[in-house]
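As a plain string of letters, each chain reads:
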Amino acid sequence: GTLEVAITQNRSRYDVLEIQNQGPITVSSNNGGVISYNNTPIGNFTTHFATGALLISFNIAATPETATALLQAISYKNTAENPLTETRTVEFILTDGDGGTSNIPSRNIEVTPPPPPLEAQDDQIEIPFNQPVSIPVSQLLDNDKPASPDDILRISEELDNLSPGVEARIVGDEVQLFIDALA
């Protein structure tokens, strides 16, 4: 029998269907070769150059159990920096080798855009003479996009680029600066 897996709606050249080495399924290559189930070859596959479809030919060792495991090992990825966000439709066509063809089940894939690039802006803050100062992280992030401490705020433990006599520490949700005016 055969199995064809293809993106039939909204496919872009950056859409990739693959068979992952997952559970009992292993493949000899990402773009074509031998498919094995617990080290027993159950078929071969190729990736169609023009359509990106996976074309799988089963051998005599293939069973409904091995075909199910193979279906679970099929994955999708998009390699574009800014992928199109239209829903992709993937169809699965299975033939039994004797002329019978399955219904054509399909699955939709929702593609989400990547997060916007981080834009951190330098901050200039006036510090009172010879006084410890606490600055809320939210104040430092006010002019940054997106303003997320998890994504933007990175303060090195070494802090090599601070001026002589300046020490900075993160304490809770504040950045504490200590300035030694005599340094």
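Here the structure is shown first, and the text comes after it.
Residues numbered from 1 in each chain as written. Predicted model: local features only at pLDDT ≥ 70, side-chain atom pairs only at ≥ 80, totals over all residues. Heavy atoms only, no water.

Caption draft 1: Layout of the sheet that holds strand β4 (residues 32-37). Spatially, the seven strands line up as an open sheet ordered β3-β4-β5-β6-β1-β8-β9, and their pairing is antiparallel. Of all strands in the sheet, those with a lone pairing partner are β3 (25-27) and β9 (106-109), marking the two edges. Neighbour to neighbour, the strand axes of the sheet diverge by 25 degrees on average, direction disregarded. Its contacts with the sheet place helix α1 (residues 64-72) against β1 (2-9), β3, β4, β5 (40-47), β6 (54-58) and β8 (88-95), and it is angled at close to 125 degrees to β4. (Pairing = 2+ DSSP bridges. Helix = DSSP H or I, 4+ residues; strand = E, 2+ residues; numbered from the N terminus. Axes fitted to C-alpha atoms, helices over the stretch in contact; angles between N-to-C directions. Contact = heavy atoms within 4.5 Å.)

Caption draft 2: Broad picture of unusual backbone geometry. Even without being glycine, asparagine 10 reaches a positive phi, approximately 65 degrees. Take asparagine 10: it is sitting in the loop between β1 and β2 (15-19). Positioned with a positive phi, asparagine 38 is a non-glycine residue whose angle comes to about 50 degrees. With respect to the element layout, asparagine 38 can be found in the loop between β4 and β5.

Caption draft 3: Examining the nonpolar core more closely. Formed by 23 residues in total, the largest nonpolar core has its most connected members in Leu3, Val5, Ile19, Ile25, Ile35, Ile56 and Leu70. Sorting the residues of this core by element identifies β1, β2, β3, β4, β5, β6, α1 and β8 as the ones contributing at least two each. Apart from the residues lying within four places of it in its own chain, the contact partners of isoleucine 56 are Gly1, Thr2, Leu3, Ile19, Ile35, Asn44, Phe45 and Leu70. (Core = buried A, V, L, I, M, F, W, Y, C linked by side-chain atoms within 4.5 Å. Buried < 20%, exposed > 50% of the residue type's maximum accessible area, 1.4 Å probe, protein only.)

Caption draft 4: Expanded view of the pairing of β5. One ladder, built from six bridges, connects β4 with β5; its direction is antiparallel. Residue valine 34 lies in a different strand from β5, and its bridge partner there is asparagine 44. Pairing geometry for β5 and β6, over five bridges, is antiparallel. Looking at β6, one finds that glycine 43 is bridged to phenylalanine 58. The turn linking β5 back onto β6 is made up of six residues, and glycine 52 within it adopts a positive phi angle of 75 degrees.

Caption draft 5: Molecular detail of the pattern of salt bridges. Tallying each qualifying case throughout the model produces two salt bridges. The residue arginine 88 makes a salt bridge to aspartate 15 at a minimum N-O spacing of 2.8 Å. On the criterion of sequence distance, the pair formed by arginine 88 in strand β8 and aspartate 15 in strand β2 is long-range, its members being 73 residues apart. Among the salt bridges present, the one from glutamate 18 reaches lysine 77, with a minimum N-O distance of 3.6 Å. Taken together, the residues glutamate 18 in strand β2 and lysine 77 in strand β7 (residues 74-78) connect sequence positions 59 residues apart. On the accessibility criterion, lysine 77 (39% relative accessible area) is partly exposed. (Salt bridge = Lys/Arg side-chain N within 4 Å of Asp/Glu carboxyl O.)

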